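Observations on the three-dimensional arrangement
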Amino acid sequence: MSGDEEFLVTVGAAAIVLCAFVYMGSMTYTFVHYRSWYEIAAFFFSVVFALVAVLSVAPLAISQGTAGSPVLPRLIMWGTCLVLAALHLTASLLGDATFSMSAVIGITTVLAVPCFGEVAGRGARASR
């Protein structure tokens, strides 16, 4: 793996983790302030959702690093993050809540996860 591919994988992975962390905080805020959940329950479910977003990138990175076809892993990655974005939108708009900046931040960051997954996958693909 040359320096450029290694850099792409490192930057992509770091950005994925950072976006998932911001998404986790935004989702926790939405659950606590707009859905009136207990803090610990909101934090637990937000951590689970953030881990799902991060883990959805793994099949693409693995398929790009090998000779496998990236179509299904890419579909899984984008589909999972779109579902998480829709879940955040639903949680922020359901009932008497209003659309907030935390929803914009959460939706944007969870959709950034597959974008940076593509960057990390490109670095993994170039290294084989």
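Above this note sits the structure.
All of these numbers come straight from a predicted model, not from anything done at the bench.

1. What to know about the packing of helix α2 (residues 39-55) against helix α4 (residues 71-93)
- Viewed as axis vectors pointing N to C, α2 and α4 meet at an angle of 155°, and their least axial separation amounts to 9 Å. Taken together, the axes of α2 and α4 are roughly antiparallel relative to one another. α4 is crossed by α2, and the crossing has left-handed handedness. Side by side, α2 and α4 meet where Phe-49, Val-52 and Ala-53 of the first sit next to Thr-80, Cys-81, Leu-84 and Leu-87 of the second.

2. Let's talk about the state of the cysteines
- The tally for this structure, following the rule as stated, stands at zero disulfides.
- The thiol of Cys-81 is unpaired, and the distance to the nearest cysteine sulfur, on Cys-115, comes to 8.9 Å.

3. Here's the deal with the side chain of Ser-26
- By the secondary structure assignment, Ser-26 is in helix α1 (residues 3-34).
- Note on Ser-26: relative accessible area 7%, which makes it buried.

4. Remarks on α4
- The end-to-end C-alpha separation of α4 is 33 Å, in line with the 33 Å expected for 23 residues at 1.5 Å each.
- For α4, every residue scored as buried is listed here: Pro-73, Met-77, Cys-81, Leu-84, Ala-85, His-88, Ala-91 and Ser-92.
- Positive phi shows up at Gly-95, right after α4, with a value of about 80°.

5. Observations regarding the side chain of His-88
- Summarising the element assignment, His-88 is placed in helix α4.
- Overall, His-88 belongs to the buried group, its relative accessible area being 0%.
- Polar contacts involving the side chain of His-88 include one to the side chain of Thr-30, which spans 2.9 Å.

Parameters and conventions
Residues numbered from 1 in each chain as written. Predicted model: local features only at pLDDT ≥ 70, side-chain atom pairs only at ≥ 80, totals over all residues. Heavy atoms only, no water. Axes fitted to C-alpha atoms, helices over the stretch in contact; angles between N-to-C directions. Helix = DSSP H or I, 4+ residues; strand = E, 2+ residues; numbered from the N terminus. Parallel < 35°, antiparallel > 145°, perpendicular 65-115°, else oblique. Left-handed = near helix turned anticlockwise from the far one by under 90°. Contact = heavy atoms within 4.5 Å. Disulfide = S-S within 2.5 Å. Buried < 20%, exposed > 50% of the residue type's maximum accessible area, 1.4 Å probe, protein only. Expected span 1.5 Å × (residues − 1). Polar contact = N/O pair within 3.5 Å; in protein donor to acceptor, adjacent residues only side chain to side chain.

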